[in-house]
Amino acid sequence: MPLRNRLRLLAISGLALFTVAASLPPAAADAPRSHRPSGGGLSATIRYTEYGIPHIVAKDYASLGFGNGWAQAADQVCTLADGFVTLRGERSRYFGPDAAPDGSLSSATKNLSSDLYFRRVRESRTVEKLLRAPAPAGQSRDVRELERGWAAGYNAWLAQNRITDPSCRGAGWVRPVTTLDVVTRGYALSVLGGQGRAIDGITAAQPPTGTAGAPGVPSPGAAADAARRLLSTQNADMGSNAVAFRGDTTANGRGLLLGNPHYPWQGGRRFWQSQQTIPGELNVAGGSLLGAPVVSIGHNADIAWSHTVATGVPLNLHQLALDPADPTVYLVDGEPERMTKRTVSVAVKGGAPVTRTQWSTRYGPVVTSLGDGLPLPWTATTAYALNDPNAANLRFSDAGLGLGRARSTADIQAALRRTQGLPWVNTIAADSSGHSFFSQSQVLPRITDELAARCSTPLGRATYPSSGLAVLDGSRSDCAIGSDPDAVQPGIFGPGRMPTVKDAPYVENSNDSAWLTNAAAPLTGYERVFGTVGTPRSMRTRGAIEDVSAMVAKGRLTVADLQGQQFANRAPAGDLAAADLAAACSALPGGRAAGSDGRPVDVSAACEVLRRWDRKVDTGSRGALLFDRFWRRATAAVPQTELWKVPFSPADPVATPNTPNTSAPGVARALADTVAELRAAGIALDAPLGRHQWVERNGKRIPIGGGTESLGIWNKTEPVWDAAAGGYREVSAGSSYIQAVGWDGSGCPVARTLLTYSQSSDPGSAHYSDQTELYSGERWVTSRFCEKDILRSPALRVVRVHERR
C-alpha cells in the first residue's frame, strides 16, 4: 500500500471517535459543556497539512492546550523560550543588562528595566492574585485548562525532542515552563499598551534627593505633541486592515471578511497558524499570537473575524500633590497617603545583582516618563501615577475563545460583552448568514469628556484633546475614575459604551478611529479616549475606504475579490501626488534641484520615471522605490498643512487633503536627496521594486511587494533601509496572518490564508520560508477546515503526542 494511503488509513482509523463529531459545527457559546478537568497523561492528535499547518484534535481543553503547546514549541521553541526569559526577569542574567529585548512583550529599551518590571510582577504575585477572581471578571475554567495543557505540551516537546535551531540550541535559558509562565505571557500582552509602554519610566522612578538636575515637564504644547506621537497608531509596529461585507454586496448573500493584520516579522509577537478542535465543542482555525492557547484571529464554519489595533488609549495619568516633608507621601482631599514600595533584585551577567525599589499608589505605579519625549519628573511637590485597567485583566484568552465558539456576529458581540477582555484592538466580523459587524470593544479607563474637563491638570488639558491621554488631579477624590454598571471590572467603560456598527454594507478599519467605519454613515457620540471625530484620516484609511466603497458599488463580491484587494498594491499617495511631482520635476530649471547640502543634483531622469510609474508597489513596479524614498523624506520635512494645496475638510474626509504643493520648501530638496541617495547606492531610478525590497532566507533573496504606511498601502510592508546592502534588506513589520473568508452553503468555509513569514523560525525547517515564497508570488493557501479536506491533503502527516510518565 502506498505511504500516502497508509497515512490516510491511519488518520481515519486512529480518529474513529473524532471524525464525525469534528465535522460538526462548534457549540453555541451558551450551550452546556463538560468542564471535567483532565488528569495526567495529556495527549492530542496533530494532523499536519501543507506548509506545516497543524490541525489539533483533542478530547478536552487541557488536552487541546497540550497539543497546541507541543506544536508551537516544534515550530518556535527559541522565540518562545526567549519570551519566557523575559517573563522570569532573567534577561540581564543571560544576555547582559544593556542589551535590548525584542520588544514583543514590552517597550523596555534595556534588559535591566525589563527584568526589574517582570521581577516585581512575579514577586508581588500579581498574576496569582488575578487568578483568584472568578469568571467573568477572572478567567474561565476552560481557559485555565488550556493554559495548563499548553505548559505541559511545551514541556513535553522539550523533554522528547532535540532543539536544532541554532539560535538557542544548547542554551541554558531554554527551560520547562509553568502554567503561571503561560498566564503571565497573556498578562504581558494585555498591559502592552499601558504599563508595558512605560516600563522604563516605572523602573526608573525614584524619590528626589534634591531640587537640582531633574528634567522639567515639557511645555503643554510640547507634551501634547509628544503624547500624540507616542500614542498614534500610525507610528506603531502593529497596525492592520480589516473589512467585512454584508450579504447584499456579495455574490451569494453570505458575508465576506478580509483580515490583514500588520505585526512584527521577527520576535515573540508573530502569529502561528493552526486549527483547534474538540469534537462537538470547538472547531476553529486561524492565527494565534505565540504563546497564546487560543486562536487570536480566525474563522470557524459560520463566522470569521479579525482585529485591528484601535485608537483607544488604555492608560491615563494621575498627577499627585506630595507632602512637602516627604516625597513618598501624597495627599488626597488633604489627607496623607504613603506610597507602597517593593524592592527587587536582578541577577546580571558578569556583575553584581542590581537592586532597585519601585513605588506605587492607589492609582498605580509611579512613573517618570512615557517614551523618550514625555518626561514626568518626580519632584519634591509633584509625581505622576499610571492607571492601567488592563493590569487587572486576564480575560484576553477568554475573549479569543468566545470568538472561536461564536456562530454568528450576534454571538461575536455577546462574547465581547461577556468577557470584555480585549485590551487594544477593534473587532471586525462577518458570518455565513450575511451579517457584518464592527466594535471597538476595548478595556479602557472610564475617562469621560466630562471627567476630563472637570479634573484635568494643566498638562492634561493639553494632552487629552490632542491624544486622548488624560492627566487627572490625583489630589481630589471626586476626580476618581467611576464605573459603568454593565462593566466586567471597576473603572472601565461598560459594553454599552463601545462604538459599534452592525449590518452596514461594509465595515472597515485601518487603525484610525471608529468615525469612518462606514464612510456613508459616520459614527459619532463616543468619548475622546476612544478616538477622534472629524479629524484627518491616514493615507491608508483613505485608500482603504476608496477601495472597499468601489467594491460595494461593483457588488456580487466573492473571496477572489478579497484576494484581489489584498494584493492590489495600489499607492494612494502616488495617485494623489506622482503626476504633479513629475510635472514639477520637468519644470525645474536645467533639470536640477538643490540637495540638503546645497549642492545641485541632476534630477531630470527622475521626471520620466515618476510619470511612467504604474502607481503600484508590486515587485515589478518601476519607479515605486524612487517615489517611496522621496515620499518618506517629503512627509517628514514638510508639514501636512503646507504639503497640500487643498486642506482637510471634515465634510469630505476621504478625498481631502489633496493636490500637492510642489513649490513648498522641502519638496524639491527631498527629490534631490532621493536621487542622490539611489545613485550613490548604485540603484537605478527605474529599478523594479522587488530587486531592492527583499528578505533573505537561507542565502536566498525573496522579493517582497507592498509598501510603507505613509504611501497608504493596504498590503503594508515596513522594511529596513540598508543602501550598502542594495536597498531594503529585511521586513521589520507588515502583513502577517492574512485571511480571506466566505461561505458557499456547503458547510465548509471558503477560506484562503497566508502567514507571510511562515510557520517556523528555525532555518532548518521545511516551513521556514515556504509561505514567504507564496507571499512573494501573491499566492495563497487553501484552508483545509473540514475533515474530508484535511484527510485529502497530499502532505498529510499524523502525529500522536502525549506526556511520558
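Whatever comes next refers back to the structure up there.
Residues numbered from 1 in each chain as written. Predicted model: local features only at pLDDT ≥ 70, side-chain atom pairs only at ≥ 80, totals over all residues. Heavy atoms only, no water.

**Describing the packing of aromatic side chains**
Step number 1: According to the stated counting rule, one finds 22 aromatic pairs in the structure shown.
Step number 2: Relative to Tyr-154, the ring of Trp-150 has its centre 5.4 Å away and its plane inclined at 15°; by these criteria the two rings are stacked. With Trp-150 and Tyr-154 both in helix α7 (residues 141-160) and four residues apart, this pair spans about one turn of that helix.
Step number 3: Owing to a relative accessible area of 0%, Tyr-154 belongs among the buried residues under this scheme.
Step number 4: Clustering of aromatic rings is evident, with ring pairs tying together Trp-265, Phe-567, Tyr-757, Tyr-775 and Trp-780.
Step number 5: Sitting above the plane of the Phe-84 ring, Arg-185 keeps its charged end 5.3 Å from the centroid.
Step number 6: When the ring centre of Tyr-768 is taken as reference, the NZ or CZ atom of Arg-697 above it lies at 6.0 Å. (Phe/Tyr/Trp six-rings, centres within 6.5 Å; stacked < 30°, edge-to-face > 60°. Helix = DSSP H or I, 4+ residues; strand = E, 2+ residues; numbered from the N terminus. Buried < 20%, exposed > 50% of the residue type's maximum accessible area, 1.4 Å probe, protein only. Lys NZ or Arg CZ within 6 Å of the ring centre and 35° of its normal.)

**Overview of the environment of Ser-732**
Step number 1: For Ser-732, the location among the structural elements is in strand β31 (residues 727-735).
Step number 2: By relative accessible area, which is 33% here, Ser-732 ends up partly exposed.
Step number 3: Apart from the residues lying within four places of it in its own chain, the contact partners of Ser-732 are Pro-264, Trp-265, Gln-266, Glu-718, Pro-719 and Val-720. (Contact = heavy atoms within 4.5 Å.)

**Considerations on the environment of Glu-677**
Step number 1: Summarising the element assignment, Glu-677 is placed in helix α21 (residues 667-680).
Step number 2: Accessibility expressed as a relative area gives 15% for Glu-677, which makes it buried.
Step number 3: Residues Glu-677 and Ser-104, spaced 573 residues apart in sequence, show a C-alpha to C-alpha distance of 32 Å.
Step number 4: Among residues more than four places away in sequence, those in contact with Glu-677 are Arg-629, Arg-633 and Trp-721.

**Section: the nonpolar core**
Step number 1: Among the nonpolar cores identified, the biggest contains 162 residues, and Tyr-154, Tyr-187, Phe-245, Leu-370 and Ile-412 are the most heavily contacted of them.
Step number 2: For this core, the element with the highest residue contribution is helix α3 (residues 61-87), accounting for 14 residues.
Step number 3: Tyr-187 has contacts with Tyr-117, Val-121, Thr-126, Val-127, Leu-130, Gln-195, Asn-390, Ala-391 and Leu-394, leaving out every residue within four places of it along the chain.
Step number 4: Counting residues in each nonpolar core, the second largest holds 42 residues, with Leu-581, Cys-607, Val-617 and Ala-624 among its members. (Core = buried A, V, L, I, M, F, W, Y, C linked by side-chain atoms within 4.5 Å.)

**Notes on the sheet that holds strand β33 (residues 750-755)**
Step number 1: Pairing is antiparallel in the open sheet, where six strands are placed in the order β23-β3-β4-β32-β33-β34. The strands lining the two open edges of the sheet, one partner per strand, are β23 (506-509) and β34 (781-782).
Step number 2: With five bridges connecting them, strand β3 (residues 241-245) and strand β4 (residues 256-260) associate as antiparallel partners. For Asn-241, the partnering residue across the bridge sits in β4 and is Asn-260.
Step number 3: In the packing of helix α15 (residues 539-554) onto the sheet, the strands contacted are β3 and β23, and the crossing angle to β23 comes to about 160°. (Pairing = 2+ DSSP bridges. Axes fitted to C-alpha atoms, helices over the stretch in contact; angles between N-to-C directions.)

**Here's the deal with the pairing of strand β2 (residues 53-57)**
Step number 1: Taking burial as the measure, the five residues of β2 include five buried ones, the bulk of the element.
Step number 2: By the alternation rule, side chains of β2 split into Ile-53, His-55 and Val-57 and Pro-54 and Ile-56, which are all buried.
Step number 3: Note: strand β1 (residues 43-49) against β2, five bridges, orientation antiparallel. Following the sheet pairing, Thr-45 is matched in β2 by Val-57.
Step number 4: Remark: three residues form the turn of the hairpin made by β1 and β2, two consecutive strands paired antiparallel; Tyr-51 in that turn has positive phi of roughly 65°.
Step number 5: Relative to strand β6 (residues 271-278), β2 runs parallel, the two being bridged by three bridges.

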